[in-house]
Amino acid sequence: KLLAAADARSPPPALASPLPSGTPCPTAAVDVLFHLGLRVARNPGAAATDTDDVAALFGRVTHAVLCGSASRARALAAAFADDAAGGVTDVTRTDRYALFLSAGGRVAVASHGIGRPSVGIVLHELTKLFRYARAGGVDGATAAASAATAALPPVTYYRVGTCGGVGVEAGTLVLTRNVVDGRLRGEVGTTVLGVSRTEAAVLDPATVASLTAYARGVVGGKAPPPPSLGDGGGAGRCGGGDPTAHARHCAALHQVVVGTTATLDGFYEEQGRMDGASCSFDEAQRAAWLRHAHEAGVRNFEMEGLEFAAFTHRHGIPAAMACVALLNRLNGDQVTSPPDQLAAWEDSLIRLIVGYVQQRLEGE
Ligand code: R2B
Ligand code: URA
């Protein structure tokens, strides 16, 4: 009976002819970026009260760094401020996502939470934010800002975070060449207006190559990590003689690997873990799947890359991903490194991305 009732329901309206990928949505006179807690007046004549002057705040942004947690976003923004004039502007308005401006307003740092839906939402709102900021569409006072920002390069997006290494040791920096799903396919599946579709998930090769070259210059050789990492020192271990502060600071990272990232929609079973609350496979099946992924070129597992790559590709946004491996999944499931070791790896990753973006800013 239930089946008959379901059949009788009218089918969802088919999305027969979708608009071209990345077509901007129509927007109201005041656009509420709900999860960021920002309100943007679109027209000079629109009510300027209760809206945020996004052109003044975000009009100079050329790099946007996204990471999982609010505290990591704050640490990233502070690290950018160490290296540039001006401090950090905290633009966080909700407890959904943290948002900071640093490096004199040229770098935005946001948290993205965990998983594809979470990163997808903040990507939509940030991208609209930067669009509005550059168009100067707030009020008359921002027309000058709009003219000044017209010539800026496009905003480059980065996802920096943690991951499970696949055949790479903890403390390895994994840079993503391409992203795949749990079936090792380089596309993301979504359902829009009742119609399922797939979309390519591709990172910008030029940005990936340039970040790789930088990372290889500052992260040390192929030797395994020395026994005591995270001591805050490490000068000389990183960068093969490179005297810069960034090279010294990235000492906790012991090698750079460029490879395929698999994005999974869960941390436990979806990543082949056997330490969740329940388990639908055995040791042999786990090992076979991890081996299969490794043989296909997968070097890390995480939870947002597919959405990040699909979104940035759809919008023509240059983007790259850098993640530090917290463990080698071929050896186990649990993250057992002590907190100060985890902090040292994350701090090194922050130093690395700050150094890279700083170098890019100098050339802009
Ligand atoms: C890496 O770490 C998080 C899960 O612990 C998730 O956000 C990811 O991609
Ligand atoms: N993040 C993940 O998604 N997986 C890991 O194993 C570690 C961090």
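Residues numbered from 1 in each chain as written. Chains lettered and ligands numbered in written order. Predicted model: local features only at pLDDT ≥ 70, side-chain atom pairs only at ≥ 80, totals over all residues. Heavy atoms only, no water.

Student: Can you walk me through the pairing of strand E9 (residues 187-192) in this structure?
Tutor: Look at any regular strand and the pattern is simple: side chains alternate between the two faces of the sheet. As paired elements, E9 and strand E10 (residues 195-200) share six bridges and run antiparallel to each other. Looking at E10, one finds that Thr191 is bridged to Ser196. Hairpin connection of E9 to E10: two residues between the antiparallel strands, including Leu193 at a positive phi of 50°. (Pairing = 2+ DSSP bridges. Helix = DSSP H or I, 4+ residues; strand = E, 2+ residues; numbered from the N terminus.)

Student: Mind showing me how you'd approach helix H3 (residues 70-82) here?
Tutor: Helical geometry note: an α-helix holds 3.6 residues per turn, so side chains three or four residues apart project in the same direction. Taking 1.5 Å of rise per residue, 13 residues should cover 18 Å, and H3 covers 19 Å from first to last C-alpha, within 8% of that figure. Among the residues of H3, those classed as buried are Arg72, Ala73, Leu76, Ala77, Ala79, Phe80 and Ala81. Structurally, H3 contributes buried residues whose contacts are with strand E3 (63-67), strand E5 (99-102), strand E6 (107-111), strand E7 (156-165) and helix H10 (339-362). (Expected span 1.5 Å × (residues − 1). Buried < 20%, exposed > 50% of the residue type's maximum accessible area, 1.4 Å probe, protein only. Contact = heavy atoms within 4.5 Å.)

Student: What is the right way to look at the pattern of salt bridges in this model?
Tutor: Opposite charge on two side chains permits them to pair, given that their charged atoms come into close proximity. With the rule as written, the count across this model stands at 13 salt bridges. Residue Arg116 is joined to Asp265 by a salt bridge in which the shortest nitrogen-to-oxygen separation is 3.3 Å. A residue pair is termed long-range when its members are at least 10 positions apart, and Arg116 in helix H4 (residues 116-135) and Asp265 in the loop between strand E11 (255-263) and helix H8 (283-295) qualify at 149 residues. Given a relative accessible area of 15%, Arg116 falls into the buried group. For Asp265, a relative accessible area of 53% corresponds to the exposed category. Residue Arg159 is joined to Glu302 by a salt bridge in which the shortest nitrogen-to-oxygen separation is 2.9 Å. Taken together, the residues Arg159 in strand E7 and Glu302 in strand E12 (residues 298-302) connect sequence positions 143 residues apart. Accessibility assignment for this pair places Arg159 and Glu302 in one class, buried. Residues joined in a network through salt bridges with shared partners are Arg116, Asp265 and Glu307. (Salt bridge = Lys/Arg side-chain N within 4 Å of Asp/Glu carboxyl O.)

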